[in-house]
Amino acid sequence: LLCVLRRRNRRDGEPPLIKGWIPYIGKALEFRKDAHQFLEEHKKKYGDVFTVQIAGKYMTFIMDPLMYPNIIKQGRQLDFHEFSNTVAPFTFGYPIITSSEFPGLKEAINRSFQLLQGENLTALTESMMGNLMVVFRQDHLGTRPGENEGWRSGSMFNFCYSVMFEATFLTMYGRPQSAHRHSGMGMLKEDFLRFDTMFPLLIAQIPIWLLGQTITIRQRLIEFFLPHQMSYWSHTSQFIRTRAELFEQYDTLRDGDKAAHHFAILWASVGNTAPATFWAMYHLVSHPEALEVVRQEIQNVLILGGDNFRSDTDVTFSRDQLDKLPYLESAINESLRLSSASTNIRVAQEDFSLRLHAEGSVAVRKGDIIALYPQSMHLDPEIYEEPQTFRFDRFMQDGKEKTDFYKGGQRLRYYLMPFGSGSTMCPGRYFAINEIKQFLCLLLLYFDLELEEGQTRATVDNSRAGLGVLLPATDIRFRYRLRNV
Ligand code: HEM
């Protein structure tokens, strides 16, 4: 208790220290309420670098994006994985894997992430296309001519989540040997969403037994992936197959532990992608002129490939074709800019002097957390004019991707960071962008889309601030109708 209550004082060379009046908790409550506003206010008062006590930890925020490269390239003295090595096992329910019980496992898991990229991305992308088409066809397009004509209405978040959850699941883990789809997907998705609501509390290391039904829900989710169940699935991705084979090599991993690792990957692959898909769809549907430009671009890519789109047939996009949709990519990046709020965290391994720019450095202590909060950069009016406005072509210049953004007259090396940075950068980022593109291609090709009238604009729910893509505060009603082409 004494340790917890003993209060730290600022030493020479250290950044300003903000402790709050509640010992240990410090500024945690204010930070959690609205991280972006909290940091902006403190930046005005204390400058670009300051240390805040948050739930027993001391976090030094680096607010100036021109300083980011120095932090990202720091190696020896700043560890990237310490945080995720302990927080992820606690959240998803598997044992800490750096321990001596599992020699080499952590390294092999890290190597498995390569199977989400490079050559393997082609197979993943093709498989995702097929699975998206199956879900779209059976749930929304209809399987007989004349079916599903006329306007239908739906809830946009629910629509995106259902489609992306199932298609991503099928792509990662495969399908039952005798069917194209698993039964029980709707229930699994509902459990997943209930778990997701508790995710910020688990990440904050609140014991799961304090969180009501969460422990039972997590157990049900984990059990979906028990090895004897998965052995009946076919068309499983190379990524998941390799990991399953790896887990089999460790007698010290119980079946429930292996299943919990698979569940963690389900969260990583859907937890951010599904809300990111929602925001991209929402912004496009609320900006019909942008939607038209993007739709035209998608149609042109198909025509160039010699394909004449008709709404009564299935369509496919290759990885190459997806790479040729710069306006669509810009629209997705713009919605990620507006909706992503992840913290990039490094832990100081020793007391040392952290260099921030050519003339300056600050002292940090062993165990302190150095944090980048890219949402502040994404919403900085000096970098992005009218930062709260969705401009689908913000990342386009002369028909090509725009990559020059400035702060204080200097060009920024990092200007868009929804996927983290440096060595902890999201390994699924290329796949994520491809699957959002595929979803939007199908949506825009097959449907006329409109928002239902009488609704207020979608706003973000800040309870996940710091942890990834934010969810909408409420769902949005929309109407869709098969296009007559
Ligand atoms: C890690 C964002 C989609 C797999 C991360 C991190 C972020 C992130 C911010 C942490 C980086 C850090 O600690 O600095 C996103 C966003 C996505 C997305 C915004 C969608 C829009 C995906 C997909 C997959 C995936 C589709 C897999 C198919 C992972 C994995 C990690 C990770 C396995 C942990 C890597 C590690 O432990 O080193 N993601 N992600 N992500 N992501 Fe993603």
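Residues numbered from 1 in each chain as written. Predicted model: local features only at pLDDT ≥ 70, side-chain atom pairs only at ≥ 80, totals over all residues. Heavy atoms only, no water.

Draft legend 1. Structural context of the overall build of the chain. Helix and strand counts for the chain come out as 19 helices and 21 strands. Radius of gyration (C-alpha) of the chain: 23 Å, near the 23 Å computed for a compact globule of 485 residues. Expressed along its principal axes, the backbone C-alpha trace of the chain runs to roughly 75 × 55 × 40 Å. Relative to its full complement of 485 residues, the chain shows a buried share of 54%. For the chain, the proportion of contacts with a sequence separation of at least 24, taken over those separated by at least 6, is 74%. A total of about 22400 Å² of accessible surface is found on the chain, and carbon and sulfur atoms cover 51% of it. Within the chain, one finds 54 positive and 56 negative side-chain charges whose respective centroids are separated by 5 Å. (Helix = DSSP H or I, 4+ residues; strand = E, 2+ residues; numbered from the N terminus. Rg over C-alpha atoms; globule rule 2.2 N^0.38 Å. Buried < 20%, exposed > 50% of the residue type's maximum accessible area, 1.4 Å probe, protein only. Contact = heavy atoms within 4.5 Å. Areas by Shrake-Rupley, 256 points an atom, 1.4 Å probe, with all protein chains shown as cover. Lys, Arg positive; Asp, Glu negative; His and termini not counted. Charge placed at Lys NZ, Arg CZ, Asp CG, Glu CD.)

Draft legend 2. Just unusual backbone geometry, in detail. Backbone geometry at Ala55 places phi at a positive 45 degrees, although glycine is not the residue there. Considering the arrangement of structural elements, one finds Ala55 in the loop between strand 2 (49-54) and strand 3 (57-62). Of note, the phi angle at Asp398 is positive, near 50 degrees, even though the residue is not glycine. Inspection of the secondary structure assignment puts Asp398 in the loop between strand 13 (396-397) and strand 14 (400-401). The exposed category is assigned to Asp398, whose relative accessible area is 75%.

Draft legend 3. Spotlight on the packing of helix 8 (residues 156-173) against helix 9 (residues 185-203). Closest axis-to-axis distance for the helix 8/helix 9 pair is 11 Å, and the angle between their directions is 110 degrees. Relative to helix 9, the element helix 8 is oriented roughly perpendicular. For helix 8 against helix 9, the interelement crossing comes out right-handed. Judged by residue contacts, Phe157, Asn158, Tyr161, Ser162, Phe165, Glu166 and Phe169 of helix 8 engage Met185, Leu188, Lys189, Phe192, Leu193 and Asp196 from helix 9. (Axes fitted to C-alpha atoms, helices over the stretch in contact; angles between N-to-C directions. Parallel < 35°, antiparallel > 145°, perpendicular 65-115°, else oblique. Left-handed = near helix turned anticlockwise from the far one by under 90°.)

Draft legend 4. Looking closely at the site of the ligand. Near the ligand you find 21 residues, and of these Met172, Ala268, Phe419, Thr424 and Cys426 are the closest. Ala268 is positioned with one of its backbone polar atoms (N or O) 3.3 Å from a nitrogen atom of the ligand. Contact between the ligand and Thr424: an oxygen atom at 2.7 Å from a side-chain N or O atom of the residue. Broken down by secondary-structure element, the contributors of at least two residues to the shell around the ligand are helix 13 (255-270), helix 14 (273-286) and helix 19 (429-446). Looking at the shell around the ligand residue by residue, the class counts come to 13 nonpolar, seven polar and one charged. (Near = heavy atom within 4 Å. Polar contact = N/O pair within 3.5 Å; in protein donor to acceptor, adjacent residues only side chain to side chain. Nonpolar A, V, L, I, M, F, W, Y, C, P; charged D, E, K, R; others polar.)

Draft legend 5. Structural context of the side chain of Lys258. With respect to the helices and strands, Lys258 occurs in helix 13. The exposure class assigned to Lys258 is buried, which follows from its relative accessible area of 8%. When neighbours within four sequence positions are excluded, Lys258 is seen to be in contact with Pro227, Phe247, Glu248 and Leu253.

Draft legend 6. The sheet that holds strand 5 (residues 152-155), seen in detail. With respect to topology, three strands assemble into an open sheet ordered 5-21-17, the strand pairing being antiparallel. Looking at the sheet topology across the chains shown, the edges are occupied by strand 5 and strand 17 (447-451). Across the sheet, the mean angle from the axis of one strand to that of its neighbour is 30 degrees, orientation sign disregarded. Bridge analysis of strand 17 against strand 21 (residues 477-482) gives five bridges, and the strand direction is antiparallel. Each residue of the ladder has a partner; that of Leu449, found in strand 21, is Tyr480. The strands that helix 19 touches are strand 17 and strand 21; relative to strand 17, the one it contacts most, it runs at about 95 degrees. (Pairing = 2+ DSSP bridges.)

Draft legend 7. Summary view of the nonpolar core. Residues Met281 and Phe439 are the most contacted members of the largest nonpolar core, which totals 103 residues. In terms of residues, this core owes the most to one element, helix 8, which gives 12 residues. When neighbours within four sequence positions are excluded, Phe439 is seen to be in contact with Leu132, Phe136, Phe159, Cys160, Val163, Met164, Thr277 and Met281. (Core = buried A, V, L, I, M, F, W, Y, C linked by side-chain atoms within 4.5 Å.)

Draft legend 8. Representation of the packing of helix 9 against helix 13 in the model. With their axes 12 Å apart at the nearest point, helix 9 and helix 13 run at an angle of 80 degrees to one another. Put simply, helix 9 runs roughly perpendicular to helix 13. Note on element contacts: helix 13 touches helix 9 through Phe263, Leu266, Trp267 and Val270, opposite Phe192, Phe195, Asp196 and Phe199. Across the contact of helix 9 with helix 13, the residue classes tally to seven nonpolar, no polar and one charged.

Draft legend 9. Region of interest: the pairing of strand 9 (residues 344-348). Where burial is concerned, most of strand 9 is hidden: five out of the five residues are buried. Here strand 9 shows a buried face lined by Asn344, Arg346 and Ala348 and a second buried face lined by Ile345 and Val347. With two bridges connecting them, strand 4 (residues 78-79) and strand 9 associate as antiparallel partners. Considered in strand 9, the bridge of Leu78 is made with Ala348. Strand direction decides the pairing type here: strand 9 and strand 12 (residues 369-372), joined by four bridges, are antiparallel.

Draft legend 10. Here's a closer look at the packing of aromatic side chains. Summed over all chains, the structure comprises 42 aromatic pairs. Summarising the aromatic geometry, the rings of Phe169 and Tyr173 are spaced 5.0 Å apart at their centres and angled 40 degrees between planes, so their arrangement reads as tilted. Of this pair, Phe169 and Tyr173 both sit in helix 8, four residues apart, roughly one helical turn. Across this residue pair, the class does not change: Phe169 and Tyr173 are buried. (Phe/Tyr/Trp six-rings, centres within 6.5 Å; stacked < 30°, edge-to-face > 60°.)

So yeah, pure geometry; function would need other evidence.
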